[in-house]
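Working through the structure, step by step
One-letter residues, chain by chain:
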Amino acid sequence: MGLPIFLLTLITFFAMFNQHKEGLFVSFITASSLLLGVMVYFIFYLIYQSSRENIIDTTTHTFTPDYFFSLYAKEKGVKTLLMISLENIWAINERYGIKNGDAILKESVDKINTFFSDKGFEKLIITRYKGGDFLLFFSGKKENYIPLLELFIAKYQDHLVNDIEVRLESSLVDSRLSDDYDMLISRLYELHFDRKSNEKSEIYSINELENQILDALEGERFSIGLWHLSGPNEKMYDTSIKLIDSKGGLIHQSRYVPVLNRLNKMRNLEMSLLEKIGKLCGSHEGNFILTITSVTLRNPYFFEHAVTMFERFPKARGRITLMFEEKEYCHQLDRFKQQLGHYRKVGYKIALDRLGGYHTTMLYLKELKLIWYDLIRSMHAI
């Protein structure tokens, strides 16, 4: 920037001092023209600067996500995508302030850099994806990095920084599941929120798994397990639902629920399952519990389907309990209470799962009239 402006300014003064014979007016015109050139150049330079790609995050000094994924796309062969999450960053920001939260983020980056550089990874490619989530990628299969990641988590999962509790968690996948990094990131978050899922048991790529889930949903291939509940006087069963793939294998809830949520197909599944349970009431004695997502439970189209279902299966009336759980409290509680009242009026019972597991369950118990069961389950298959 400086050199062109310096040259234009130098030319301006040179022209002015060499045109004293022509008069002041000519010198003024020459100077104005050259200074206009300097200003035009400066404006275009500012426009150019504003369009330049910013590759560094200002808070953590890691790469920006756009630049990180441009580097990821250039890498050839199998790549491992790894996520390290600062689990309690929101609690830290709320209790200690944003400034301390940013300091914890920087400290976490330093720990990641130090750990991996000590293990021989000098040029670490890392980005702050969002919040307290950091993404890294390495060349090669994920099996090469599982022991390394386990060692990192064992060392830093729970530690203190300036007397502030910090908790780190991690998950990893590789590009054998999908070439689309957006799909891989979705899978990372699925693993992050479901610690019990076993990534080693994957037999489908992400795209293939999605097709298998949608095909099973369209073909209504469900496996319904019944858990006999010992507790109340009436005979009662809880249900466990799995999808059946094209090869006859089972797809667990931890795999199909995130996919159907992402595709906005969860209500389709739950409507089909309600139909299956209604039909089951005609051939089996007892009452049945079906877990329904709270979003679906509040959906008017699902309610309409639930009401008309009793016309097809009248024996199901009064024998189905719709059980829900949710981590986030529904603030439109008056409307929610009214909807639950409609379900009860047409013949459903309502139950709340995870008593004490989430703070929302305790809040709901103060506001909603819910079924209370102290139950012991034993598995039965149908």
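Rules behind the numbers
Residues numbered from 1 in each chain as written. Predicted model: local features only at pLDDT ≥ 70, side-chain atom pairs only at ≥ 80, totals over all residues. Heavy atoms only, no water. Core = buried A, V, L, I, M, F, W, Y, C linked by side-chain atoms within 4.5 Å. Buried < 20%, exposed > 50% of the residue type's maximum accessible area, 1.4 Å probe, protein only. Helix = DSSP H or I, 4+ residues; strand = E, 2+ residues; numbered from the N terminus. Phe/Tyr/Trp six-rings, centres within 6.5 Å; stacked < 30°, edge-to-face > 60°. Lys NZ or Arg CZ within 6 Å of the ring centre and 35° of its normal. Arc of directions from axis to C-beta. Contact = heavy atoms within 4.5 Å. Salt bridge = Lys/Arg side-chain N within 4 Å of Asp/Glu carboxyl O. pLDDT = per-residue confidence, 0-100. Lys, Arg positive; Asp, Glu negative; His and termini not counted. 1 Å grid on protein atoms, 1.4 Å probe; cavity = no way out; pocket = protein on both sides within 12 Å on 5 of 7 lines; lining within 4 Å. Points joined across faces, edges and corners; volume = space filled by probe spheres on them. Nonpolar A, V, L, I, M, F, W, Y, C, P; charged D, E, K, R; others polar.

Concerning the nonpolar core
- Of all hydrophobic cores here, the largest spans 42 residues; its most connected members are Leu-269, Leu-274, Ile-320, Leu-322 and Tyr-348.
- Among the elements that line this core, the one with the most residues is helix 10 (residues 266–283), at 8 residues.
- Leu-124, Ile-126, Phe-134 and Leu-168 belong to the second-largest nonpolar core, a separate cluster that totals 28 residues.

Considering the packing of aromatic side chains
- The final tally for this structure, using the stated rule, is 21 aromatic pairs.
- When the centroid spacing of 6.0 Å and the interplanar angle of 80 degrees are considered together, the rings of Tyr-72 and Tyr-181 count as edge-to-face. Of this pair, Tyr-72 sits in helix 3 (residues 65–74) while Tyr-181 is found in helix 7 (residues 181–193), placing the two residues 109 residues apart along the sequence.
- The class for Tyr-72 is buried, based on a relative accessible area of 2%.
- Geometrically, the ring pair formed by Phe-303 and Tyr-343 is edge-to-face, given 5.0 Å between the ring centres and 85 degrees between the ring planes. Taken together, the residues span a long stretch of sequence, with Phe-303 in helix 12 (residues 300–312) and Tyr-343 in helix 13 (residues 333–346) at a distance of 40 residues.
- The class for Tyr-343 is buried, based on a relative accessible area of 1%.
- Here the aromatic residues Phe-68, Phe-69, Tyr-72, Tyr-129, Phe-137, Tyr-181 and Tyr-189 are joined through ring pairs into a cluster of three or more.
- One cation-aromatic arrangement involves Lys-130 over Tyr-189; the distance from NZ or CZ to the ring centre is 4.9 Å.

Side note on helix 3
- Of the residues making up helix 3, those classed as buried are Phe-68, Phe-69, Leu-71 and Tyr-72. Buried positions in helix 3, seen along its axis, are confined to an arc of 155 degrees and lie on one side of it. What points out from helix 3, more than 90 degrees from its buried face, is the exposed set Asp-66 and Lys-74.
- Along its buried surface, helix 3 packs onto strand 1 (79–86), strand 2 (126–130), strand 3 (133–139) and helix 7.

As for the pattern of salt bridges
- Counted according to the given criterion, the structure contains 13 salt bridges.
- Of the charged contacts in the structure, one is a salt bridge between Lys-111 and Glu-107, with a shortest N-O distance of 2.9 Å. A residue pair is termed a helical-turn pair when its members lie 3 or 4 positions apart in one helix, as Lys-111 and Glu-107 do in helix 5 (residues 98–118) at 4 residues.
- In this structure Lys-111 comes out as buried when scored by relative accessible area, which is 15%.
- On the accessibility criterion, Glu-107 (28% relative accessible area) is partly exposed.
- A salt bridge links Lys-142 to Glu-143, with the shortest nitrogen-to-oxygen separation between them at 3.8 Å.
- Connected through salt bridges with shared partners, the residues Arg-187, Glu-190, Glu-210, Arg-255 and Arg-262 form a single ionic network.

Re helix 6 (residues 146–156)
- Turning to helix 6, its buried residues number three or more, namely Ile-146, Leu-148, Leu-149, Phe-152, Ile-153 and Tyr-156. Angularly, the buried residues of helix 6 cover 160 degrees about the axis, an arc narrow enough to put them on a single face. Turned more than 90 degrees from where helix 6 packs its buried face, Pro-147, Glu-150, Ala-154 and Lys-155 sit exposed.

Thoughts on the side chain of Thr-127
- Turning to its location among the elements, Thr-127 is positioned in strand 2.
- Setting aside chain neighbours within four positions, we find Thr-127 in contact with Thr-62, Phe-63, Thr-64, Pro-65, Phe-68, Asp-133, Phe-134 and Leu-135.

Things to note about the confidence of the model for the chain
- Chain-level pLDDT for the chain is 81 on average; 76% of the residues reach the 70-or-more range.
- In this model residues 196–201 is a low-confidence stretch, pLDDT under 50, and it forms 8 contacts with partners more than four residues away in sequence or in other chains.
- This model gives residues 374–382 a pLDDT under 50, and the stretch forms 26 contacts once residues within four places in sequence are excluded.

Some remarks on the side chain of Glu-270
- Here Glu-270 lies in helix 10.
- With no salt bridge to any partner, buried Glu-270 finds its closest opposite charge in Arg-267, at an N-O distance of 7.7 Å.

A few points about empty space enclosed by the protein
- Taken as a whole and assessed by the stated rule, the structure comprises 1 cavity of 30 Å³ or more.
- Taken as a whole, the largest cavity encloses approximately 50 Å³ of empty space.
- As for the largest cavity, its lining consists of Met-183, Ser-186, Arg-187, Glu-190, Ile-206, Leu-209, Arg-255, Val-259 and Arg-262.
- Secondary-structure elements contributing two or more residues to the lining of the largest cavity are helix 7, helix 8 (206–218) and helix 9 (253–262).
- Looking at which element gives the most residues to the lining of the largest cavity, the answer is helix 7, with 4 residues.
- Counted by class, the lining of the largest cavity contains 4 nonpolar, 1 polar and 4 charged residues.

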